[in-house]
Amino acid sequence: MPRKKSRMSQEVNAGSMADIAFLLLIFFLVTTTIASDKGITNVLPPKIDPNQPPPEIDKNERNIFKILINSNDQLLVEDDFRDNTDGLDQEVKEFVMNFGEPDQENIDLFNSLPPVLKAQANRDPESSDHPNEAVVSIKTNRGTSYDLYLEVLDKVKKAYYEIYAERVGLTADEYRALSSRTAAEKELMDRGKENLPMAISIAEPDKGGE
Amino acid sequence: MAKFKKKNKTEENIPTSALPDIIFMLLFFFMVTTVLREQELLVEQKLPQATQLQKLEKKSLISYLFLGKPKNPSVYGTEPRIQANDRLISTGDIIQWVNEEKDKLSEAEREQIYISLKADRDVKMGPVADIQLELREADARKILYASVGKVNQDD
């Protein structure tokens, strides 16, 4: 009986397998996008009921931090002209934490704040009474660039997040990364913004100048 | 004298049979972390930059609106247009679109719908404000201005 040949090499040559897998990998890299659901969140005001008269606005002028942007992308911040957004976050922060004329409830709030935030209260009678009254108003023109609008909104958000973060002893980046999935993080998140509402008002833009 | 014989038994070939496995692992990683392009973009998209980015937790609640100059100006003109799903819509269609998107969600989640506005950075505020007004009318008030992170903080 003839003996079986066992000279054949046992291994299959798999050298080109890596190349094939690489091709697949490159195909996926090209055809897919990494999910980028990041951005600046905001909640729009409720719709206007035509049967209801517009609500009375009895806010004091000093409690509104006004940012106007015209169609040439120039800013008017609290009646001061400027052409860039440098330092806007710091001004918003000072405005919100001013505590010019707090009522009893807000004196309690003030006393509960950490020293870092207490130090920021300038108690300027021309600025906001207390954080619950303070509103940051952004008004644009139809011709304002979306880029600048978002930059301003970004700075205002930054001011608020820094306040929240300093309150719980985190950095702003760490605070924003908190999620409501775990109870401990949610508690930290709620403690940061408790009694400090983020009041950003976005007015409807002016017509014209588009 | 003792004879020292150099060992010459080392194989010359590096075994590469594990290489495909490694590449496949990479491939699976990419397949899991990425999504296939769901729709073809009909408008230009260069997202603006921002620093205070937040990530939304529930992806199923997000609906996307794209806003930008049409990529095909000979058909759609040069004015910024709104794209929802696969087609370009006008401002007046937004309410209907929002209701369609809400119908896809379950009863309890319907009011939690998030609109991700992916607007081109060269767009003016006019169309953006129109969209905001329509979204208020449609009662989809949670909005995410999609943007990418700023690379250098000091410009």
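Going by the annotation in an unreviewed UniProt entry, the name recorded for chain B is Biopolymer transporter ExbD, with Echinicola rosea given as the source organism. The record held by UniProt for chain B lists under Sequence similarities (unreviewed entry) the comment "Belongs to the ExbD/TolR family."

The name given to chain A in an unreviewed UniProt entry is Biopolymer transporter ExbD, with the source organism recorded as Echinicola rosea. According to its UniProt record, chain A has this under Sequence similarities (unreviewed entry): "Belongs to the ExbD/TolR family."

Among the surface-exposed residues, A:Phe22, A:Ile26, A:Leu29 and A:Val30 lie close enough to one another that they form a single nonpolar patch of about 360 Å² accessible area. Locating A:Phe22 in the fold gives a position in helix α1 (residues 17-31).

Spatially, seven strands are ordered β3(B)-β2(A)-β8(B)-β7(B)-β4(B)-β5(B)-β6(B) in an open sheet, and the strand pairing comes out mixed. Both outer strands of the open sheet, β3 (54-55) and β6 (87-89) of chain B, are each paired with one neighbouring strand and no more. With two bridges joining them, strand β2 (residues 38-43) of chain A and β3(B) adopt antiparallel strand pairing. Following the sheet pairing, A:Gly39 is matched in β3(B) by B:Gln54. Most of the contacts of helix α5 (residues 146-168) of chain A go to β2(A), to which it runs at about 80°, and overall it touches β2 of chain A together with β3, β7 (114-119) and β8 (142-146) of chain B. Packed onto the sheet, helix α4 (residues 125-137) of chain B meets β4 (62-68), β5 (81-84), β7 and β8 of chain B and runs at close to 150° relative to β4(B).

Our focus in this paragraph is the sheet that holds strand β6 (residues 135-141) of chain A. Read across the open sheet, the five strands follow the order β5-β4-β3-β6-β7 (chain A); overall the sheet is mixed. Because the sheet does not close on itself, it has two edges, and the strands there are β5 (80-82) and β7 (200-206) of chain A. Strand-to-strand, the axes of this sheet are offset by a mean angle of 20°, without reference to chain direction. Packed onto the sheet, helix α2 (residues 88-96) of chain A meets β3 (64-69), β4 (75-77), β5 and β6 of chain A and runs at close to 155° relative to β3(A). Against the sheet, α4(B) makes contact with β6 and β7 of chain A, and its axis sits at roughly 120° relative to β7(A), the strand it touches most.

Residue and element names in this part refer to chain A. The residue Asp73 is not glycine, and still its phi comes out positive at about 60°. For Asp73, the location among the structural elements is in the loop between β3 and β4. Although it is not a glycine, Glu78 sits at a positive phi angle of roughly 50°. Residue placement: Glu78 occurs in the loop between β4 and β5. Accessibility expressed as a relative area gives 33% for Glu78, which makes it partly exposed.

What counts and how
- Residues numbered from 1 in each chain as written.
- Chains lettered and ligands numbered in written order.
- Predicted model: local features only at pLDDT ≥ 70, side-chain atom pairs only at ≥ 80, totals over all residues.
- Heavy atoms only, no water.
- UniProt positions renumbered as here; feature names shortened; annotations may be inferred.
- Patch = residues over 30% accessible without salt bridge, like charges linked within 9 Å, V, L, I, M, F, W, Y side chains within 5 Å.
- Areas by Shrake-Rupley, 256 points an atom, 1.4 Å probe, with all protein chains shown as cover.
- Salt bridge = Lys/Arg side-chain N within 4 Å of Asp/Glu carboxyl O.
- Helix = DSSP H or I, 4+ residues; strand = E, 2+ residues; numbered from the N terminus.
- Pairing = 2+ DSSP bridges.
- Contact = heavy atoms within 4.5 Å.
- Axes fitted to C-alpha atoms, helices over the stretch in contact; angles between N-to-C directions.
- Buried < 20%, exposed > 50% of the residue type's maximum accessible area, 1.4 Å probe, protein only.

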